[in-house]
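Residue-level listing of the chains:
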Amino acid sequence: MGDTPRSQTISTKTQKIAAKNACELKQATPDPDCPPVLVGETSLVRIRMLAEREPDMVFTSLVHRIDLSLLRQSFKKIRKSDTSGVDEMTASEYAESLDENLYKLYRRLKRGQYVATPVKRIWIDKDGGEKRPIGIPALEDKIVQKAVAEILAAVYEPIFYEFSHGFRKGYSQHGALKQLRNQCIAQKVNWIVSADIRGLFDNIEHGQLRDIIKRRVNDGGILRLIGKWLNVGVIEGDTLIHPEKGTPQGGVIIPLTQKVTWHFSACH
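Overview of the structure.

So, how was this worked out
- Residues numbered from 1 in each chain as written.
- Predicted model: local features only at pLDDT ≥ 70, side-chain atom pairs only at ≥ 80, totals over all residues.
- Heavy atoms only, no water.
- Buried < 20%, exposed > 50% of the residue type's maximum accessible area, 1.4 Å probe, protein only.
- Pairing = 2+ DSSP bridges.
- Helix = DSSP H or I, 4+ residues; strand = E, 2+ residues; numbered from the N terminus.
- Axes fitted to C-alpha atoms, helices over the stretch in contact; angles between N-to-C directions.
- Core = buried A, V, L, I, M, F, W, Y, C linked by side-chain atoms within 4.5 Å.
- Contact = heavy atoms within 4.5 Å.
- Parallel < 35°, antiparallel > 145°, perpendicular 65-115°, else oblique.

## Digging into unusual backbone geometry
Right, so step 1: The residue E88 is not glycine, and still its phi comes out positive at about 55 degrees.
Right, so step 2: Note on E88: relative accessible area 63%, which makes it exposed.

See below:
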């Protein structure tokens, strides 16, 4: 699979409209430290359409899609709770100066100054008396992860199998059970064997995960962000550790990277 062009040709009319909006935006925000007035919202529809039309395409230019509008959308979509990460910042506190905070985050991303924060690990009870580790990222890491997850979902969603229901918009465990029941009836299945790989994503190699992502998304900026989250480390109590493998459960982007890993492992 070869590299793809950075973007499709944009019409002269569209370029003029974009230039006009950029000019108006610049005039409305003479102070570079002040967040600009947002015009419209980021749309990933064209990426999804291209991904549907070209299932073997390798996308090489996506990180520029993380703009102020997408960060705002991502903040709205992340799960809000009073539990905070290492940064001790809750969503409600962040929202008090939302425009300013998001704009500062956006500028750090554009300048390459964004630094991920170690993930706080807690343990929750499981059936049978066992415990499961959960990672709590810092709030801004959640926002950026959600933005990247939205972009990656637009690229990968069109190639996921229809019988793959986990962590997908419009899919649920109820739909999976219904599909399974219909298949059992149609094929006269009498036995179902359930199996699970213990600690699969606690042991996945970081290099292998990046290689799998690159089969479809070979964008240096996106890969660097994912690398930051993989290598930032985990804080448990007062101890900071840097696991050489595994992905911390609880990260916003983790379910999607797990799904991508499973998809390419299953079909290749």
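## Here's the deal with the sheet that holds strand 3 (residues 234-236)
Two orientations exist for strands paired in a sheet by backbone hydrogen bonds: parallel and antiparallel.
Right, so step 1: Reading across the sheet, the four strands line up as 2-1-3-4 and stay open at both edges, with mixed pairing between neighbours. Each edge of the open sheet is held by one strand with a lone partner, namely strand 2 (131-136) and strand 4 (239-241). In this sheet, adjacent strand axes meet at a mean angle of 35 degrees when their direction is disregarded.
Right, so step 2: For strand 1 (residues 119-125) and strand 3, the ladder comprises two bridges, and the chain directions are parallel. Note that in strand 3 the partner of K120 across the bridge is I235.

## What about the nonpolar core?
Right, so step 1: In terms of nonpolar packing, the biggest core is built from 52 residues, with I143, L152, Y156 and W229 touching the most fellow members.
Right, so step 2: Secondary structure elements with two or more residues in this core: helix 2 (45-53), helix 3 (68-77), helix 4 (91-95), helix 5 (98-111), helix 6 (139-156), helix 8 (206-214), helix 9 (220-231) and helix 10 (254-267).
Right, so step 3: At eleven residues, the largest contribution of residues to this core is made by helix 6.
Right, so step 4: Apart from the residues within four sequence positions on either side, W229 is in contact with Y114, A116, D141, V144, Q145, V148 and I253.

## Some points on the packing of helix 3 against helix 6
Right, so step 1: For the pair helix 3 and helix 6, the least separation of the axes is 8 Å and the interaxial angle reads 105 degrees. As judged from the angle between their axes, helix 3 and helix 6 are roughly perpendicular. Residues L70, L71, S74, F75 and K77 of helix 3 form the contact with helix 6, whose participating residues are I143, K146, A147, E150 and I151.

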